[in-house]
Amino acid sequence: MTRSGHRVRGRRAALLLAGALLAIAALAGCTQSRSAASQSWSGIVVDGANVYVGTREGRVIQLNAATGAPGVAPYEAPAASRNEASPAFYGTPTVSGGRVLVGGYQGIVYSLDAATLSGALTYEIPSSGLTKGIAGSVVPAGDALVVAATEDANQGRLYVLEAASLTERCRYPAAGAEPTGQLWTTPVVVDGVAYFGGLGHKLHAVDLADCSLAWAQPTQLDGAIVAPPLAVDGMLYLGAFDRTFYAVDMATGAAQALFEGEGWFWAQPATDGARVYAANLDGHLHAYDLTSGALAWTYPAKGKGDPIVSAPVVVDGQVVFASDSEVLTVLDGATGALQWDRKLTAKVRAPLTAAGSVVYIHALDETVSAVDLATKRLVWDRNLDDVK
Amino acid sequence: MEFLGLLWNEVVTRPMTNSLLLLYVLLASNLGLAIIAFTVVVRGLTYPLVVRQLRQTRKLQALQPRIKELNERHKNNPQVRGQEMMKLYREMGVNPIGCLGPMVIQMPIFIGLFWAINNVLPFTPENLAGLSGRMYGWLPHLDAIVPVNRGFLGMDLALEPMRSGSILGYALVGLSGLTMYVQQKMTQGPSMDPQQASTQRMMLFMFPVMFGMFSLFFPLGLVIYWVASNLIGIVMQYLVTGRGGLAPVPAAAGASRQAPSPSRPRRPSRMGPTLSGALPPAKEHNGDGATAQEPDQDGEDGGRSGGARPPRTRRRPRRGGGRRPQ
């Protein structure tokens, strides 16, 4: 082959190689985004004069509850390595004993000083599974913390930690027991028992004293469970992916189907004592009357709305919810009639939080808004990307 | 743009996602088998397109000597060159972009399949929540199978081979490159142009290597699809064009494999003698890498036509079947 032929061939090979490297780099970016959280939806916790919220980039931010002004410097979780999930926060932070508690999607529990967001204590889920992660909240229970975590594709586990030191007290299920499926939920703790469902279609009740099963066996439902249950008068209320809303006896685990939606139930229900409000991914909000044992109303009554991932809240007889429609909707709790609504900056998937008459909303564009239901006015809003 | 996204979702991604889930239900909740079955169904549906594409490609390959000849003859007159080329294409029943059409139609299918597999293997809560909106509410039993079991032969199909570290996963990556090499080797025809032949050789190795490297970064479910798809493609190619470039070169052909010479019989092809039989060889390799120009038989130049021109018959390519002697 001539010298020019070699040159042409070499140039083509170099071009092909460059193209291949570029394509691989681009594709690596695509696949990275599969395991990295592209959204995440941490809710907001109000503690005295401050609110705390987690972000999709693994930051915990403190804002003034009245003005939205940033407080101390945010805490930044260490960046994930190539083989780890994103440090994003899906669960709502909790505050207990002057510590902010939050679980990261890369499988680490953080305990931070609430005043300074420093002095981090951490506990990493002891699993070599490549898909381990925490998608729910860390729940304080006396001197313990309870968190549900995913360890690998089929196994999740409930961890009970010492609140002061973040050392492990016990875990459920024990090694070798039947897998729970992935756990992407927040346990609800009542009288020393944690109740939670998993993607393995089962609802579990675990005694926090020794991590033993409180029921004879986990309650099997027909669909996966992400929604944290709501405990009311000895009953748990929750919906599942089989489109069914259930009432489960907290003492025995016996389940009873109450009504069906047209899509999956994802969000934790809310209650005002008279009714349970359950949001569905089909865009409907259902009100179940606890006295009559029947469905009281469904909003909207006709047609479909956008998926509701965000948990509703009840404030002064009004039920408030936000959805993928980018609208905050306020309904009359008794009738389901629309009171008023307000356009938001983006879709909302984080659970809503209420303190007094103010509702705090964390939208997917990382804007946190405070809306006063009494005045129907925006109190403040702030984009978390601007908080340094 | 929003409308296009909606259209894409409703016409391509959503039906594919639901079909994959349905196959998962039918195949005892085995996602690996469902992906393979899905590949067979999709490749079966696109079979007529693939056959057309292969035939057009083959025809174009067979025309290369004459195209080169036209290029050289009319290198100073692009207009005449263009006209002559179109005339040649018409005469031989070749659509120069005919092989692109089927490829273009297949592209959305491949991309849709990529997203379908990604959809049924949600990695994050937002992916799982998104799956709800992509499932047909009227299909029974689908809600109950979520989340799908991601295990297959000890592998997690949602993980990339790099992350899973599974030996079988790496073997699948190797297999995806190997099957692509075989398929490509079958596709490549003899080239008259040494430079083109050199590029072909390079691509023959380059693409499988690239493909193998891509596979390292994609979920194993997709790698299974690629391997299955390549294997089906090899079978399809064999049915349409025979072994193609995989066929052994007769010893009489001498050192050069780049072009058929008048002194050796042409490799039988499932395409039949459609074009190859009708086309005069344009170059003769003399064994030392140099080529000699065959006397022009087209008669177009008015001074070089010396031999009798073979009849310019247009025969229909034979479908499948065995070989026939030439």
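Residues numbered from 1 in each chain as written. Chains lettered and ligands numbered in written order. Predicted model: local features only at pLDDT ≥ 70, side-chain atom pairs only at ≥ 80, totals over all residues.

**Student:** For this particular structure, what's the right way to read the overall build of chain B?
**Tutor:** Secondary structure assignment for chain B yields ten helices and four strands. Counting every position in chain B, which comprises 326 residues, the buried fraction comes to 35%. A separation of at least 24 residues holds for 73% of the contacts in chain B among residues at least 6 apart in sequence. (Helix = DSSP H or I, 4+ residues; strand = E, 2+ residues; numbered from the N terminus. Buried ≥ 20, exposed ≤ 12 C-beta atoms within 10 Å, placed from the backbone. Contact = placed C-beta atoms within 7 Å.)

**Student:** I would appreciate a short explanation of the environment of Leu-203 of chain A in the present structure.
**Tutor:** Residue and element names in this part refer to chain A. When you line up the elements, Leu-203 lands in strand β15 (residues 202-207). Overall, the presence of 22 C-beta atoms within 10 Å leaves Leu-203 in the buried class. Note: C-alpha distance between Leu-203 and Gly-273 (70 residues apart in sequence) is 23 Å. Once residues within four sequence positions are removed from consideration, Leu-203 is found in contact with Tyr-195, Gly-197, Pro-218, Thr-219, Leu-221, Ile-225, Val-248 and Gly-253.

**Student:** Before we go on, may I ask you to explain the pairing of strand β19 (residues 235-239) of chain A in this structure?
**Tutor:** Each regular strand shows side chains that alternate between the opposite faces of the sheet. Residues and elements named next belong to chain A. Summarising burial for β19: four of the five residues are buried, a large majority. Pairing of strand β18 (residues 230-232) with β19, which is carried by three bridges, proceeds in the antiparallel orientation. In the strand pairing of β19, Ala-231 is matched with Leu-236. Here β18 folds back onto β19, and the loop between the two strands holds two residues, one of which, Asp-233, carries a positive phi near 50°. Between β19 and strand β20 (residues 244-249), which follow one another and run antiparallel, lie four residues, and Arg-243 among them has a positive phi close to 70°. (Pairing = 2+ DSSP bridges.)

**Student:** Explain the pairing of strand β14 (residues 193-197) of chain A to me, please; I cannot follow it from the model alone.
**Tutor:** Residue and element names in this part refer to chain A. A large share of β14 lies buried, amounting to five of its five residues. The pairing of strand β13 (residues 188-190) with β14 spans three bridges and is antiparallel. Counted as the bridge partner of Val-189 is Ala-194 from β14. Counting the residues that bridge the hairpin from β13 to β14 gives two residues, and of these Asp-191 lies at a positive phi of roughly 50°. One ladder, built from five bridges, connects β14 with β15; its direction is antiparallel. Note that in β15 the partner of Phe-196 across the bridge is His-204. The turn linking β14 back onto β15 is made up of four residues, and His-201 within it adopts a positive phi angle of 70°.

**Student:** When you look at the nonpolar core in this model, what are you seeing that I'm missing?
**Tutor:** Counting 156 residues, the largest nonpolar core has Val-146, Val-359 and Ile-361 of chain A as its most contacted members. No other element matches helix α10 (residues 220-241) of chain B, which puts nine residues into this core. Those residues in contact with Val-359 of chain A that sit more than four places away from it in its chain are Val-313, Val-315, Val-320, Leu-352, Ala-354, Val-371 and Leu-373 of chain A. (Core = buried A, V, L, I, M, F, W, Y, C linked by C-beta atoms within 7 Å.)

**Student:** How should helix α8 (residues 167-187) of chain B be read in this particular structure?
**Tutor:** A turn of α-helix holds 3.6 residues, and therefore any two residues three or four places apart point the same way. If you check α8 of chain B, its first and last C-alpha atoms are 30 Å apart, about what 21 residues at 1.5 Å a residue would give, namely 30 Å. Here α8 of chain B has its buried residues at Gly-169, Leu-172, Val-173, Ser-176, Gly-177, Thr-179, Met-180, Gln-183, Gln-184 and Met-186 of chain B. (Expected span 1.5 Å × (residues − 1).)

**Student:** Explain the environment of Asp-332 of chain A here, please?
**Tutor:** Residues and elements named next belong to chain A. Its place among the elements puts Asp-332 in strand β28 (residues 327-332). Looking at Asp-332, the number of C-beta atoms within 10 Å reads 14, which means it is partly exposed. Taking C-alpha positions, Asp-332 is 18 Å from Lys-343, a pair spaced eleven residues apart along the chain. For Asp-332, the contacting residues outside a window of four places in its chain are Gln-318, Ala-337 and Gln-339.

**Student:** I'm lost on the packing of helix α3 (residues 47-73) of chain B against helix α4 (residues 78-92) of chain B in this one. Help?
**Tutor:** Describing two packed helices takes the angle between their axes plus the distance from one axis to the other. Residue and element names in this part refer to chain B. The interhelical angle for the contact between α3 and α4, taken along N-to-C directions, is 150°, at an axis separation of 11 Å. Judged on the interaxial angle alone, α4 and α3 are roughly antiparallel. Our pair here, α3 against α4, has a crossing hand that is right-handed. Contacts between α3 and α4 involve Lys-59, Leu-63, Arg-66, Ile-67, Leu-70 and Asn-71 from the first element and Arg-81, Glu-84, Met-85, Leu-88 and Met-92 from the second. Broken down by class, the residue content of the contact of α3 with α4 amounts to six nonpolar, one polar and four charged. (Axes fitted to C-alpha atoms, helices over the stretch in contact; angles between N-to-C directions. Parallel < 35°, antiparallel > 145°, perpendicular 65-115°, else oblique. Left-handed = near helix turned anticlockwise from the far one by under 90°. Nonpolar A, V, L, I, M, F, W, Y, C, P; charged D, E, K, R; others polar.)

**Student:** Quick question: what am I supposed to make of the sheet that holds strand β10 (residues 144-150) of chain A here?
**Tutor:** In a beta sheet, neighbouring strands are held together by backbone hydrogen bonds and run either parallel or antiparallel to one another. Residue and element names in this part refer to chain A. Taken in spatial order, the four strands of this open sheet run β9-β10-β11-β12, and their pairing is antiparallel. Both outer strands of the open sheet, β9 (139-141) and β12 (168-172), are each paired with one neighbouring strand and no more. Strand after strand, the sheet turns through a mean of 25° between neighbouring axes, direction not considered. Note: β9 against β10, three bridges, orientation antiparallel.

**Student:** I keep staring at the confidence of the model for chain A and nothing clicks. Help me out?
**Tutor:** Low pLDDT marks stretches whose predicted atomic positions should not be read closely. The pLDDT averaged across chain A works out to 90; a share of 88% of its residues lies at or above 70. A low-confidence stretch, residues 24-33 of chain A stays under pLDDT 50, and its non-local contacts, those more than four residues away or across chains, total ten contacts. (pLDDT = per-residue confidence, 0-100.)

**Student:** I tried to follow helix α6 (residues 125-134) of chain B on my own but got confused; where do I start?
**Tutor:** Within α6 of chain B the residues assigned to the buried category are Pro-125, Leu-128, Ala-129, Leu-131 and Ser-132 of chain B. Here the buried residues of α6 of chain B occupy an arc of 145° about the axis, which is enough to place them on one side. (Arc of directions from axis to C-beta.)

**Student:** Got a minute to help me understand the sheet that holds strand β26 (residues 313-315) of chain A in this structure?
**Tutor:** Residue and element names in this part refer to chain A. Spatially, the four strands line up as an open sheet ordered β26-β27-β28-β29, and their pairing is antiparallel. Strand pairing shows two members of the sheet lacking a second neighbour, β26 and β29 (338-343), which therefore form its edges. This sheet shows a mean twist of 20° between the axes of neighbouring strands, independent of strand direction. When β26 meets strand β27 (residues 318-322), the two strands line up antiparallel, connected through three bridges. Residue pairing in the sheet places Val-313 in a bridge with Val-320 of β27.

**Student:** What should I look at first to understand unusual backbone geometry in this one?
**Tutor:** Where the residue is not glycine, phi is negative for most of them; where a peptide bond is considered, it is trans in most cases. With an omega dihedral of -5°, the bond running from Tyr-172 of chain A to Pro-173 of chain A counts as a cis peptide bond. Within the secondary structure, Pro-173 of chain A sits in the loop between β12 and β13. Of note, the bond from Val-146 of chain B into Pro-147 of chain B is cis; its omega dihedral lies within 30 degrees of zero at 0°. Along the chain, Pro-147 of chain B turns up in the loop between α6 and β1 (151-152). We note that Glu-366 of chain A has phi near 70°; this positive angle belongs to a residue other than glycine. Along the chain, the position of Glu-366 of chain A falls in the loop between β31 (358-362) and β32 (367-372). The exposure class assigned to Glu-366 of chain A is buried, which follows from the 22 C-beta atoms found within 10 Å.

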